[in-house]
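Okay, here's what each chain looks like letter by letter:
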2 protein chains.
Amino acid sequence: MEHTLRMTGSLYPREAWTAERCTLARALDVVSARSAFLILREAFYGTTRFDDFAHRAGISEPVTSRRLRELVDEGLLEREDYREPGQRTRQRYRLTDKGADLLPVLVALMQWGSRWLDDQGGPVELRHRGCGEPVAVQLTCAAGHIAGPDELDLAVHRRLQAHPR
Amino acid sequence: MEHTLRMTGSLYPREAWTAERCTLARALDVVSARSAFLILREAFYGTTRFDDFAHRAGISEPVTSRRLRELVDEGLLEREDYREPGQRTRQRYRLTDKGADLLPVLVALMQWGSRWLDDQGGPVELRHRGCGEPVAVQLTCAAGHIAGPDELDLAVHRRLQAHPR
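Computed from a prediction, not measured in an experiment: that's the story for all the values here.

**Student:** Whenever I open this one, the overall build of chain A confuses me. Can you help?
**Tutor:** The secondary structure content of chain A amounts to 6 helices and 6 strands. The dimensions of chain A, computed from C-alpha atoms along their principal axes, are 70 × 35 × 30 Å. Sorting the 165 residues of chain A into buried and exposed places 50% on the buried side. Long-range contacts, defined here as pairs at least 24 residues apart, represent 45% of the contacts in chain A between residues at least 6 apart. Of the roughly 8400 Å² that chain A leaves accessible, carbon and sulfur atoms contribute 45%. Mean positive and mean negative side-chain charge positions of chain A (24 and 24 charges, respectively) differ by 5 Å.

**Student:** What am I meant to see in the sheet that holds strand S6 (residues 152-156) of chain B here?
**Tutor:** Strands belonging to one sheet form pairs held by backbone hydrogen bonds; the direction of such a pair is parallel or antiparallel. Read from one edge to the other, the open sheet built from 3 strands follows the order S4(A)-S6(B)-S1(B), with strand pairing classed as mixed. Sheet topology places strand S4 (124-128) of chain A together with strand S1 (6-7) of chain B at the edges, where each strand pairs with a single neighbour. In this structure, S4(A) lies alongside S6(B), joined through 5 bridges in antiparallel fashion. When the bridges of S6(B) are listed, A:His128 appears paired with B:Leu152.

**Student:** Can you walk me through the relation of the copies chain A and chain B in this structure?
**Tutor:** Each of the two chain copies can be brought onto the other by rotation about an axis and movement along it. Under the fitted operation, chain A is carried onto chain B by 0.0 Å of movement along the axis and a turn of 180°, and the coordinates agree to an RMSD of 0.0 Å. Considering both components of the superposition, the chain copies are consistent with a two-fold axis. Counting the interface residues of chain A, we find that 100% of their copies in chain B are interface residues as well, pointing to one common contact surface.

**Student:** What is the right way to look at the interface of chain A and chain B in this model?
**Tutor:** Interfaces are often sized by the amount of accessible area the parts lose when they come together. Counting residues at the interface gives 95 residues for chain A, matched by 95 residues for chain B. On the surface where chain A and chain B come into contact, there are 16 salt bridges. A:Arg115 serves as the salt-bridge partner of B:Asp101, at 2.8 Å between the closest nitrogen and oxygen. Linking chain A to chain B there are 56 residue pairs in polar contact (both at pLDDT 80 or more).

**Student:** What should I look at first to understand the environment of A:Leu40 in this one?
**Tutor:** Residues and elements named next belong to chain A. Tracing the backbone through its elements, the reader meets Leu40 in helix H2 (residues 34-44). Along the primary structure Leu40 and Arg14 are separated by 26 residues, whereas in three dimensions their C-alpha atoms are 34 Å apart. Beyond its immediate chain neighbours, meaning those up to four positions away, Leu40 contacts Val31, Leu71, Leu76, Leu77, Leu95, Leu102 and Leu106.

**Student:** Help me out: how do you make sense of the packing of helix H3 (residues 50-57) of chain A against helix H4 (residues 61-73) of chain A in this one?
**Tutor:** Residue and element names in this part refer to chain A. Two numbers describe how H3 lies on H4: the axes approach to 9 Å, and their chain directions differ by 115°. Here H3 and H4 pass one another in a crossing that is right-handed. Here H3 contributes Phe50, Asp51, Phe53 and Ala54 to the contact with H4, which in turn contributes Glu61, Thr64, Ser65 and Leu68. Residues of the contact of H3 with H4, tallied by class, amount to 4 nonpolar, 2 polar and 2 charged.

**Student:** Help me understand H4(A) in this model?
**Tutor:** In an α-helix, one turn spans 3.6 residues, which is why side chains three or four residues apart end up on the same side. All names here are of chain A. Between its first and last C-alpha atoms H4 spans 18 Å; for 13 residues at 1.5 Å apiece the expected length is 18 Å, and the two agree. All of the buried residues in H4 are Thr64, Arg67, Leu68, Leu71 and Val72. Here the buried residues of H4 occupy an arc of 135° about the axis, which is enough to place them on one side. Exposed residues on H4 whose side chains face more than 90 degrees from its buried face are Pro62 and Asp73. Packing partners of the buried residues in H4 comprise H2, H3, strand S2 (77-82) and strand S3 (90-95). Among the residues trailing H4, Gly75 stands out with phi positive, at a value near 80°.

**Student:** How should the pairing of S4(A) be read in this particular structure?
**Tutor:** Within a regular strand, the side chains alternate between the two sheet faces. Across the 5 residues of S4(A), 5 count as buried, placing the element largely inside the fold. Going residue by residue along S4(A), you find A:Val124, A:Leu126 and A:His128 tucked away on one face and A:Glu125 and A:Arg127 tucked away on the opposite face as well.

**Student:** In this structure, what is going on with the state of the cysteines? I would like to understand it.
**Tutor:** Two cysteines whose sulfur atoms are joined by a covalent bond form what is called a disulfide. Inspection of the entire model under this criterion finds 0 disulfides over all chains. The thiol of A:Cys131 is not disulfide-bonded; the next cysteine sulfur, from B:Cys141, is found 3.6 Å away.

**Student:** What am I meant to see in the side chain of B:His3 here?
**Tutor:** Take B:His3: it is sitting in the segment before S1. Contacts of B:His3, omitting those with residues within four sequence positions, involve A:Phe44, A:Leu95, A:Thr96, A:Asp97 and A:Ala100.

**Student:** Looking at this model, I keep getting lost on the sheet that holds strand S1 (residues 6-7) of chain A. Mind explaining?
**Tutor:** Spatially, the 3 strands line up as an open sheet ordered S1(A)-S6(A)-S4(B), and their pairing is mixed. Edge positions in the open sheet fall to S1 of chain A together with strand S4 (124-128) of chain B, since each of these has one partner strand only.

Reading the values: the criteria
Residues numbered from 1 in each chain as written. Chains lettered and ligands numbered in written order. Predicted model: local features only at pLDDT ≥ 70, side-chain atom pairs only at ≥ 80, totals over all residues. Heavy atoms only, no water. Helix = DSSP H or I, 4+ residues; strand = E, 2+ residues; numbered from the N terminus. Buried < 20%, exposed > 50% of the residue type's maximum accessible area, 1.4 Å probe, protein only. Contact = heavy atoms within 4.5 Å. Areas by Shrake-Rupley, 256 points an atom, 1.4 Å probe, with all protein chains shown as cover. Lys, Arg positive; Asp, Glu negative; His and termini not counted. Charge placed at Lys NZ, Arg CZ, Asp CG, Glu CD. Pairing = 2+ DSSP bridges. Least-squares fit on C-alpha atoms with pLDDT ≥ 70 in both. Salt bridge = Lys/Arg side-chain N within 4 Å of Asp/Glu carboxyl O. Polar contact = N/O pair within 3.5 Å; in protein donor to acceptor, adjacent residues only side chain to side chain. Axes fitted to C-alpha atoms, helices over the stretch in contact; angles between N-to-C directions. Left-handed = near helix turned anticlockwise from the far one by under 90°. Nonpolar A, V, L, I, M, F, W, Y, C, P; charged D, E, K, R; others polar. Expected span 1.5 Å × (residues − 1). Arc of directions from axis to C-beta. Disulfide = S-S within 2.5 Å.

Written as C-alpha cells, this is what we have:
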C-alpha cells in the first residue's frame, strides 16, 4: 500500500510549490524538544510546581528551567505567584487554552508509542468519562466520517481558493 | 477552566507513581527532532529521493542523511534500490506501516499550528476524499463519542487491572 496523501488542485505535483507557510513546521518551531513534551504531559497530569516538573518528567533542573521559560514565553503555560500561609511566595504553572489545545498531539504520540513500541500496548489509557470507553485519536471529517489514511486529499485551504463565478 | 486530565484508580494522586514505561516518552525517543517530522511530512507528500527530501524540507544534506538513516533504523521508512533505464542505481525511501501510523501526530501538529500560529488558519487543509469535507484530529471514544478535553480520565490500562472475581 502507498502511504501518501493525494495532492489536489495546485498542490499537484509536489515539486511545483514550496511549503513556506507550513503550519506543521511553525508548530515544531514552538514545541519539538522531547523535554518540552514531557513537561506538557506533566501539566496535563496536574503538575504545577518547578520541582515536581523536573522530578516527574525526569529532566535536569537547568533544562526544566529553560523549557518552562520557553513554554511561558510562547503562551503555552502561564506562571502565577501563589503563597500558602506562613510560606514564601512561589510560582506555579498552568496550561493556557493554547497549551491545552496540544492535547491531541500528545495523545497521538502516546497512542503510536503504545501500538508500536510496547509489547503490551502501554501502561495507561484515556477513557471517556461519560461512558468509560477508551479514547483514541481519529481523523474525522466535518460530516462525521472517520477518514482512513488512504482517503485523504491535501488541498489549498478553501478560503484561499478563487470563488467560482 | 482547569486543563488537566482526571487521574483515576491507582493513578491518583500523581505523586504516588513514576511514568516509567510511558509510551509518549518512548515515542519521543524515536522521533522528536524537527527535521525528522519535516522528512516524514515530505514522505506523506510523496517525496522518495534524498535530494528532494533535503530541498523540500529545507534542511542541510548532512542532517537529511542522518535523519533518513535514523528513520530507516527505527523502521519508519524503508530504503530500496531502484534503477531507471540507462541510469545508475539509486535509493528511494518509502513510509512503512509503522511510519505511516504517525500521520495523526503530524495532522494534530499542523492543526494546532494553523489554529494558533497563522492569522489565516493555515495555507492547506486535508479533505475526506469520499465527501470533500475538511478533516480534523478528534479524540473519539470506542462508543463513537467525541470526547471533550474536560471529559477525559487517565486510567491504568484495563489489561493490567486485576480481574474482578
